[in-house]
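# Analysis of the macromolecular model
Listed below, chain by chain, are the residues.
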Amino acid sequence: MASDMPAAKVCVVGLGSMGMGAALSLLRAGFAVHGVDVSEERRDAFAAAGGRSFAFADEGAAGADAVLVFVVNDAQTDAVLFGKRGAAPALAKGAAVIACATVAPAYARSLGARLEAMGLLALDAPVSGGAAKAASGEMTIMASGRAEAFARAEPFLNAVAAKVYRLGEAPG
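In every chain, residue numbers begin from 1 and rise along the written sequence. At least 70 in pLDDT is required for a residue's local features to be given in this predicted model, at least 80 for side-chain atom pairs to be given and counted, and no such filter applies to totals for whole chains, interfaces and linings, which use all residues. As a convention, hydrogens and water are excluded, and side-chain values are obtained from all of the structure's heavy atoms.

### Focus: the layout of surface pockets
Rule in force here: A pocket here means an open set of points on a 1 Å grid, computed over the protein atoms alone, that has protein on both sides within 12 Å along at least five of seven lines. A cavity is instead a set of points where a 1.4 Å probe fits but cannot get out; residues with an atom within 4 Å of a point line either one. Grid points are joined across faces, edges and corners, and a volume is the space filled by probe spheres set on the points. Polar here means any residue outside two lists: the nonpolar Ala, Val, Leu, Ile, Met, Phe, Trp, Tyr, Cys and Pro, and the charged Asp, Glu, Lys and Arg; Gly therefore counts as polar.
In this structure, the largest pocket spans a volume of roughly 540 Å³. Taken together, 28 residues form the lining of the largest pocket, with Gly-14, Phe-70, Val-71, Gln-76 and Val-80 sitting closest to its centre. For the lining of the largest pocket, the residue count by class is 16 nonpolar, 8 polar and 4 charged.

### What about unusual backbone geometry?
This is how it is decided: Think of it in three bands: residues with accessible area under 20% of the maximum for their type are buried, residues over 50% are exposed, and the middle band is partly exposed, with areas taken using a 1.4 Å probe on protein chains only.
Even without glycine at this site, Arg-85 takes up a positive phi of about 65°. Exposure remark for Arg-85: the relative accessible area of 31% places this residue in the partly exposed category.

### Description of the packing of helix H1 (residues 17–28) against helix H2 (residues 40–48)
What counts, and what does not: What counts as an axis is a line fitted to C-alpha atoms, over the stretch in contact for a helix, and the angles between N-to-C directions run from 0 to 180 degrees. By definition, any uninterrupted DSSP run of H or I lasting at least four residues is a helix, any uninterrupted run of E lasting at least two residues is a strand, and each is numbered from the N terminus. Should an angle fall under 35 degrees it is called roughly parallel, over 145 degrees roughly antiparallel, and 65 to 115 degrees roughly perpendicular, with every other angle called oblique. Handedness of a crossing is defined here by the sense of rotation of the near helix relative to the far one, left-handed for an anticlockwise turn of less than a right angle and right-handed for a clockwise turn. Only heavy atoms enter the contact rule, under which two residues are in contact if any of them lie within 4.5 Å.
Contact geometry for H1 and H2: axes closest at 11 Å, N-to-C directions at 20°. Classified by the angle between their axes, H1 and H2 sit roughly parallel to one another. Here H1 runs over H2; the crossing is right-handed. When H1 is examined against H2, the residues Met-20, Ala-23, Leu-24 and Leu-27 are found in contact with a partner set consisting of Arg-42, Ala-45 and Phe-46. The residue inventory of the contact of H1 with H2, partitioned by class, reads 6 nonpolar, no polar and 1 charged.

### Concerning the pairing of strand S5 (residues 96–99)
Heads up, the rule is: What makes two strands pair is DSSP finding at least two bridges between them. Here the term right-handed applies to a crossover when the path leading from its first strand over the helix to its second strand runs clockwise, the strands being oriented away from the viewer.
On S5, burial covers both faces: Ala-96 and Ile-98 on one face and Val-97 and Ala-99 on the other are all buried. As paired strands, strand S4 (residues 66–69) and S5 are joined by 4 bridges and run parallel to one another. Note on S5: the bridge partner recorded for Val-67 is Val-97. Read from S4 through helix H4 (residues 74–82) to S5, the crossover connection turns out right-handed.

### Let's talk about the nonpolar core
The criterion, for reference: Working definition of a nonpolar core: buried Ala, Val, Leu, Ile, Met, Phe, Trp, Tyr and Cys residues. They are joined through side-chain atoms within 4.5 Å.
Ranked by internal contacts, the top residues of the largest apolar core, which has 34 residues, are Leu-26, Val-33, Phe-70 and Ile-98. At the level of secondary structure, the elements contributing two or more residues to this core comprise strand S1 (9–13), H1, S4, S5, strand S6 (121–124), strand S8 (139–145) and helix H7 (147–160). Per-element accounting of this core gives the leading share, 7 residues, to H7. Setting aside chain neighbours within four positions, we find Leu-26 in contact with Val-10, Val-12, Phe-31, Val-33, Leu-68, Phe-156, Ala-159 and Val-160. Formed by 23 residues, the second largest nonpolar core is a distinct cluster that contains Phe-54, Val-67, Val-69 and Ala-99.

### Topic: the pairing of S8
Burial runs high along S8: 6 of the 7 residues are buried. Bridge analysis of S6 against S8 gives 2 bridges, and the strand direction is antiparallel. Across the sheet, residue Leu-123 finds its bridge partner in S8, namely Gly-145. Sheet topology places strand S7 (residues 127–128) next to S8; 2 bridges connect them, and they run antiparallel. If you follow Ser-128 over to S8, its bridge partner there is Thr-140. Examined bridge by bridge, S8 and strand S9 (residues 161–168) share 6 bridges and lie parallel to one another. Following the sheet pairing, Ser-144 is matched in S9 by Gly-168.

The values are spatial; any link to function lies outside them.
Spelled out as structure tokens, the structure:
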């Protein structure tokens, strides 16, 4: 990145073993990274590593070019994106939402439609590789979504994954 240009801002929601690894990989790649987690201990660890940490998704996502959601399931994905203090309304139109939980295809399609109705770009992007691969920026991502979403998300995906498989033109 050119030194006279501000670093792209990315938010990682969920600083567990996979999310923390992704957030640290994004920091190493030179991005301005906001980390969001319910755990104060995880937020403090991320801040100590050089990131900015937040307790609420709307604060972490404000002004971000993309948000990566590393939570367990569809209910948690919904909560951090659309619930009280959710990330989706805080994002600017054209931002990418990269949903990394493994969810049912019908939910992924519904999520994509909801995000696109808000002017956001959606990728259904489950990950594998475990904590070690996440920490080294070498996860595998199996993603589906529109070409525009991949284009917006590509620099962030490249920072966290060794392999990105494009599985389709729509989430799910």
